[in-house]
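# Architecture at a glance
In case you want the letters, here they are:
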Amino acid sequence: MLKSLMVGLVGLSLATAAVTATAAEEEGYTLAPSEVNLNADDSKINVTEVFWYGCPHCYALEDPLNNWASDLPEDVEFQRLPAVMGDNWRPHAQAYFAAEELGIVDEMHGDFFNAMHQDGRQFTDPAEIADFFTDYGVSEEDALKALDSFGVKSQINRSQATTRNLQLMGVPALVVDGRYIVSPRSAGSLENMPLVASRLVEQVREERASQQEAE
């Protein structure tokens, strides 16, 4: 009797999970295996773009995503996370985190993308990245130190752990509230990704309002 009951509960749980996953896919997103800590401000709804500078789809997403992010309400926090899914991804993640550490990431981000996808630069050598950073008032020495710093290495380890926990199969991806994942495939196109993210932001806002009322 007990065994039959347990089997029934397991079956019901699996069926519920399948229905939830199907509903999510129909709405343009997938569910993260478990909620992931993205070092976000708890008072805001976090949207994190997971990307790679070498990815042409990430590059194509830049304009629609920047336009969307420039007009977000005050209760929404947008951030970027460079993924490390291969050895050739690592130098580009180093570049992003080093630029962040040096305070030039907002200035160099779009230019770094352009240099790779328009000018054909590879940026696999720290010396080449350091030279690129000099255009933003940073000395090569300081750039090289930042690229090899403990803080940047820690950020790369965190990025690897985060993408592993999210079980991402590729980029770009938008992660909303550490729970909902929007990809080009789930959204139907790159251009639809910010639209799906907006719907999820509203969903999270409603969830939080309901929780506050219940308390």
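The structure we're discussing is the one just above.
This structure is a prediction, so every number in the text was calculated from the model and none was measured.

What counts, and where the lines are drawn
- Residues numbered from 1 in each chain as written.
- Predicted model: local features only at pLDDT ≥ 70, side-chain atom pairs only at ≥ 80, totals over all residues.
- Heavy atoms only, no water.
- Salt bridge = Lys/Arg side-chain N within 4 Å of Asp/Glu carboxyl O.
- Helix = DSSP H or I, 4+ residues; strand = E, 2+ residues; numbered from the N terminus.
- Buried < 20%, exposed > 50% of the residue type's maximum accessible area, 1.4 Å probe, protein only.
- Core = buried A, V, L, I, M, F, W, Y, C linked by side-chain atoms within 4.5 Å.
- Contact = heavy atoms within 4.5 Å.
- 1 Å grid on protein atoms, 1.4 Å probe; cavity = no way out; pocket = protein on both sides within 12 Å on 5 of 7 lines; lining within 4 Å.
- Points joined across faces, edges and corners; volume = space filled by probe spheres on them.
- Nonpolar A, V, L, I, M, F, W, Y, C, P; charged D, E, K, R; others polar.
- Axes fitted to C-alpha atoms, helices over the stretch in contact; angles between N-to-C directions.
- Parallel < 35°, antiparallel > 145°, perpendicular 65-115°, else oblique.
- Left-handed = near helix turned anticlockwise from the far one by under 90°.
- Phe/Tyr/Trp six-rings, centres within 6.5 Å; stacked < 30°, edge-to-face > 60°.

### What to know about the pattern of salt bridges
The tally for this structure, following the rule as stated, stands at 10 salt bridges. Between Glu49 and Arg80 there is a salt bridge, with its nearest N and O atoms 3.2 Å apart. Taken together, the residues Glu49 in strand β2 (residues 45-51) and Arg80 in strand β3 (residues 76-82) connect sequence positions 31 residues apart. Taking the relative accessible area as the measure of exposure, Arg80 reaches 19% and is therefore buried. Between Asp177 and Arg208 there is a salt bridge, with the nearest N and O atoms lying 3.0 Å from each other. Note that Asp177 is positioned in the loop between β4 (173-176) and β5 (180-182) and Arg208 in helix α9 (residues 193-214), a separation of 31 residues in sequence. One network of salt bridges, with partners in common, ties together Asp177, Arg179, Glu207 and Arg208.

### A look at the nonpolar core
General note: in soluble globular proteins, nonpolar side chains tend to be found buried as a group. Counting 44 residues, the largest nonpolar core has Val50, Tyr53, Met108, Phe112, Phe132, Phe133 and Val171 as its most contacted members. Apart from residues lying up to four places away in sequence, Val171 is in contact with Val50, Phe51, Trp52, Cys55, Cys58, Ala83, Met85 and Trp89. Listed in part, the 19 residues of the second largest apolar core include Leu190, Leu200, Val201 and Val204.

### Quick notes on the layout of surface pockets
When its volume is computed, the largest pocket comes out at roughly 340 Å³. Around the largest pocket, the lining comprises 16 residues; the ones closest to its centre are Thr30, Gln167, Met169, Ile181 and Ser183. Contributions of two or more residues to the lining of the largest pocket are made by β1 (30-31) and α8 (184-187). Taken together, the residues that form the lining of the largest pocket break down as 9 nonpolar, 5 polar and 2 charged. Considering only enclosed or pocket space, the second largest pocket measures out at about 260 Å³ in volume. Glu35, Asp42, Asp177, Gly178 and Arg208 are, among the 17 residues lining the second largest pocket, the residues nearest its centre.

### Looking at the packing of helix α3 (residues 90-102) against helix α4 (residues 105-117)
For the pair α3 and α4, the least separation of the axes is 9 Å and the interaxial angle reads 155°. Taken together, the axes of α3 and α4 lie roughly antiparallel to each other. For the pair α3 and α4, the crossing hand works out as right-handed. Packed against α3, whose contacting residues are His92, Ala95, Tyr96, Ala99 and Glu100, the element α4 presents Val105, Met108, His109, Phe112 and Met116 at the interface.

### Points about the packing of aromatic side chains
This structure, assessed with the given rule, holds 14 aromatic pairs. Look at Tyr59 and Phe113: their rings are 5.7 Å apart centre to centre, the planes differ by 40°, and that puts the pair in the tilted class. A residue pair is termed long-range when its members are at least 10 positions apart, and Tyr59 in helix α2 (residues 56-69) and Phe113 in helix α4 qualify at 54 residues. Classification of Tyr59 as partly exposed rests on a relative accessible area of 22%. Given the relative accessible area of 0%, Phe113 is considered buried. Here the aromatic rings of Phe112 and Phe123 are separated by 4.3 Å at their centres, their planes lie at 20°, and the arrangement is stacked. Highlighted residues: Phe112 in helix α4 and Phe123 in the loop between α4 and α5 (126-133), separated in sequence by 11 residues. Accessibility classification places Phe112 together with Phe123 in one group, the buried group. Counting every residue linked through ring pairs, the aromatic cluster contains Phe51, Tyr53, Tyr59, Tyr96, Phe97, Phe112, Phe113, Phe123, Phe132 and Tyr136.

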